[in-house]
Amino acid sequence: MVIKQLSVFIENREGRLERVTEALRERNINIASFSLADTSEYGLLRMIVSDPEEGQKVLKEEGFSAKLTDVIAVKIAQRPGTLHEVLKILFDAGLSVEYMYTLATAGKDTSIIMKLSNLDRALEVLQAGKYAVCTDKEAYEINNHVDK
Amino acid sequence: MIWNETKECMSRDELHNLQSARLKKMVSRVYHNVEFYRKKMQQMGIEPGDIKDIDDLVKLPFTTKNDLRENYPFGLFAVPQSEVVRIHASSGTTGKATVVGYTRRDIEIWQECVARVLAMDGVGPQDKIQVAYGYGLFTGGLGLHYGAETIGATVVPMSTGNTQRLITMMEDFGATAIACTPSYLLHIAETLEEAGKIDNIKLKAAICGAEPWTDNMRKEIEEKLHLKAYDIYGLSEILGPGVAADCEYHTGLHVYEDHFVPEIIHPETLEPCKEGEVGELVFTTITKEALPLLRYRTKDLTSISYDKCECGRTLARISRFKGRSDDMLIIRGVNVFPSQVEAALLELGETSPHYLLIVDRINNLDYLEVQVEVEERFFSDEIKELENLTKKISHVLHSALGLSVKVKLVEPKTIARSEGKAKRVIDKRKLI
C-alpha cells in the first residue's frame, strides 16, 4: 500500500529548518525518517512522520508550503545486493525512480522509501517479486517511542 | 563644435516665434488627423484657432503612456501608414509594448538632433564610434547610429552583449568614441583594467544615456578611461536618444526646443512649476509627423533653467534627473514596470501573483532578481519540477521584459503585504 510522505519547501535562510522541527516537536509529531534535497536557494524536506495529516496542518499554520505525497516503503533484507535486486525488477518493468531514501529501522530488515513514476504498477511488480511493503501504520509508527 | 548655430543659439524671442508657428501647425494637424486629440480638445472646448502662440500650450490636453497603450498600436499616428518608414517600441506598463512611428522627415530630425549631440561632445568625421546600445526595436542603437553617420563619423554598430569583442575592436580599430549606458561603460573600464589594456585605449568621448547616473559616476568614468563623458537623454515616445544632452560645462541637458517644447509640472496638481523647481517633465513635439504628441508626461522628475549657457547655446537646460513620478525602473537601459511582471505571472498562472523585484548592481552591471512565492497548489516535492517552474517563469519574464531575470522561489507569505501600495521593488543601486 502507499504511504503518505510529508514534504515541505524550505528556503535557504537561517532558522527555517529549525522552525519545521520545532513546530513538529510542539505537536508531539515524531519524524521516523527524512531526506533533505538541497539546491543553492531552497531545500525540500521529505519526511515520514507519526501523523502526516496533522504534520501538514501544523506546518501550514506556520506558513510553510507543505504537502502530502504518495510513496511506497519496500522492505528489503540487510545483505549485499538486495537493493540492486529490487531496483532491477522495477527498472525492468519500465519504472523510474523520482527519489528514494531509507526508512530508518532498528531491526534486521530495512525499508526503502520510493517515489516512482507509477506507484500502482510498482506495487504490482513488487508483489509479483514477493517483496513486502510497509503499511501506513507500520511506517508512521517506526521508531516512535512517545510516552502515551 | 556647435552643429546648428542658427537653432542652438537663437535668441529666446526668435525661438518663441518659431515654437509658436510650429505649435499652431502641429495642433491643427493633430486635430484634423488624430481622433483621440480631436475628441479630447472638443471635450475641453478648444479648437486649433485658440492656440495662437507657444504660451497657449497650457490650454492643451496631456498625453500619457496609457493613452498610447489604449490606442495600440497605431491609433495616435497622424499620417497614413504609407508615410511611416520606421517603427520602434519600448516597454509598456503591462503586456503590450509602447509603439512609435517615424516618417522620413522624422528620421531626418532625429539624425539632426543626434548630430547636434555628437558635435557638442566633440565627435566628428575623424572619429571612430562604437555604438553599444541595443539595435532593434529599442531606439538607442539605431538612433545613435544614424546621427553618427550624419556627422560623418565611422560607425561601428556593436550593439550589446559581447564585451570581449567590443574591447578587441576598440583596441584594434583605435575607437575614439563610444555610445552606451554609463554603467556598462564602467564595466568596460573595469574589464580593461583587469586585462591591463586600459592604456591601449584611444577613446576621447563617451555618449552615455538610457539610464540615470550621477556626476560622480561621470567623473569616475572620465578618470578611469581618460576621456570626456556626456549625458544624452531621450525617450522613444518623443524621439529616442537626442531629445536633450549636456555640453562640456555639465550644467544640465540642453533641450532641442525647436523640436520639443519642455514644461515642468507638479505631478499631482498638473500646475506648471516655477523655473528651477523640481517637477515632472512634459514634452510637446512641434515638428514630429508620424506620432506628434501634445504635452506628453514623461514621469521623469527634473527642473529647468532658461539661462544662457557658457557654451553659447540659448536652449533651455534640464537638470540631472531626480527620479520618477511612477514606479518605472531602468535596468541595463531597459525600462521595466513592476506591473509588467505581475501581468506576466498572472498570465502564466502557475505562481501566486505576489512578487518582489530586487535590483542590484554588481561590477557595474545591473541584475534583476524576481522572487516568487511557492504556493502550495503549485508546489511539487520534486526538485526537477521546481526547476522547471523556475525556468518557465524566467522565460516568460524574459519575453515580457526583454531582460534576463533571475527567478528565486521563496516560501509563501514571505513577501510583505502592505495596506495600499505593496512594496514590490527593492532597488539596491545608488543612482541618484
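Here the structure is a predicted model, which means the values were calculated and not measured.

Here is what the cut-offs are and how they apply
Residues numbered from 1 in each chain as written. Chains lettered and ligands numbered in written order. Predicted model: local features only at pLDDT ≥ 70, side-chain atom pairs only at ≥ 80, totals over all residues. Heavy atoms only, no water. Phe/Tyr/Trp six-rings, centres within 6.5 Å; stacked < 30°, edge-to-face > 60°. Buried < 20%, exposed > 50% of the residue type's maximum accessible area, 1.4 Å probe, protein only. Lys NZ or Arg CZ within 6 Å of the ring centre and 35° of its normal. Pairing = 2+ DSSP bridges. Helix = DSSP H or I, 4+ residues; strand = E, 2+ residues; numbered from the N terminus. Contact = heavy atoms within 4.5 Å. Axes fitted to C-alpha atoms, helices over the stretch in contact; angles between N-to-C directions. UniProt positions renumbered as here; feature names shortened; annotations may be inferred. Expected span 1.5 Å × (residues − 1). pLDDT = per-residue confidence, 0-100. Salt bridge = Lys/Arg side-chain N within 4 Å of Asp/Glu carboxyl O.

A few words on the packing of aromatic side chains. Scanning all chains against the criterion turns up six aromatic pairs over all chains. With a centroid separation of 4.9 Å and an interplanar angle of 10°, the aromatic rings of Y102 of chain B and W110 of chain B are classed as stacked. When sorted by exposure, Y102 of chain B lands in the same class as W110 of chain B, which is buried. Chaining the aromatic ring pairs together yields one cluster made of F9 and Y42 of chain A together with F379 of chain B. Sitting over the face of the ring of W213 of chain B, R320 of chain B holds its NZ or CZ atom 4.9 Å from the ring centroid.

This part takes up the sheet that holds strand 13 (residues 304-305) of chain B. Residues and elements named next belong to chain B. Taken in spatial order, the nine strands line up as 4-3-5-6-7-8-9-14-13 in an open sheet, and their pairing is mixed. Each having just a single partner strand, strand 4 (154-157) and strand 13 make up the two edges of the open sheet. Note: strand 3 (residues 128-131) against strand 5 (residues 177-180), three bridges, orientation parallel. Opposite Q130, over in strand 5, you have I178 as the bridge partner. Contacts from helix 6 (residues 139-150) reach strand 3, strand 4, strand 5, strand 6 (205-209), strand 7 (228-235) and strand 8 (240-246) within the one sheet, and its direction differs from that of strand 8 by about 65°.

The next thing to look at is unusual backbone geometry. All names here are of chain B. In this structure, P73 follows Y72 across a cis peptide bond, with omega equal to -10°. Looking at the secondary structure, you find P73 in the loop between helix 4 (65-70) and strand 1 (84-90). A positive phi angle is found at A210, which is not glycine, with a value near 75°. With respect to the helices and strands, the residue A210 is situated in the loop between strand 6 and helix 9 (215-225). Unlike most non-glycine residues, H226 shows phi in positive territory, near 50°. Note that H226 resides in the loop between helix 9 and strand 7. We classify H226 as exposed; its relative accessible area is 59%.

As recorded in UniProt, the sites labelled "domain: ACT" (unreviewed entry) are residues 5-79 of chain A. With 28% helix and 47% strand, residues 5-79 of chain A has its two end C-alpha atoms placed 26 Å apart.

Turning to helix 8 (residues 182-194) of chain B, a few remarks are in order. Residues and elements named next belong to chain B. Here helix 8 is 13 residues long and its end C-alpha atoms lie 19 Å apart, about the 18 Å a rise of 1.5 Å per residue gives. Burial analysis of helix 8 places 11 of its 13 residues in the buried class, the great majority of the element. Taken residue by residue, helix 8 has P182, S183, Y184, L185, L186, H187, I188, A189, E190, T191 and L192 as its buried positions. Turning to helix 8, the residues buried within the fold contact helix 7 (163-173), strand 5, strand 6, helix 9, strand 18 (355-362) and strand 19 (365-373).

Quick look at the confidence of the model for chain B now. Per-residue pLDDT for chain B has a mean of 93; in total, 98% of the residues score no lower than 70. Under the prediction, the complex receives an ipTM of 0.83, its pTM being 0.83.

Turning next to the pattern of salt bridges. If the charged atoms of two oppositely charged side chains come close together, the side chains can form a pair. Counted under the stated rule, the structure contains 46 salt bridges over all chains. As a salt-bridge pair, R320 of chain B and D231 of chain B come within 3.3 Å of each other at their nearest N and O atoms. Taken as a pair, R320 of chain B in the loop between strand 14 (317-318) and strand 15 (323-324) and D231 of chain B in strand 7 lie far apart in primary sequence, 89 residues in all. Each member of the pair, R320 of chain B as well as D231 of chain B, carries the same accessibility label: buried. It is possible to trace a salt-bridge network through shared partners that takes in E98 and K115 of chain A together with D381, E382 and K384 of chain B.

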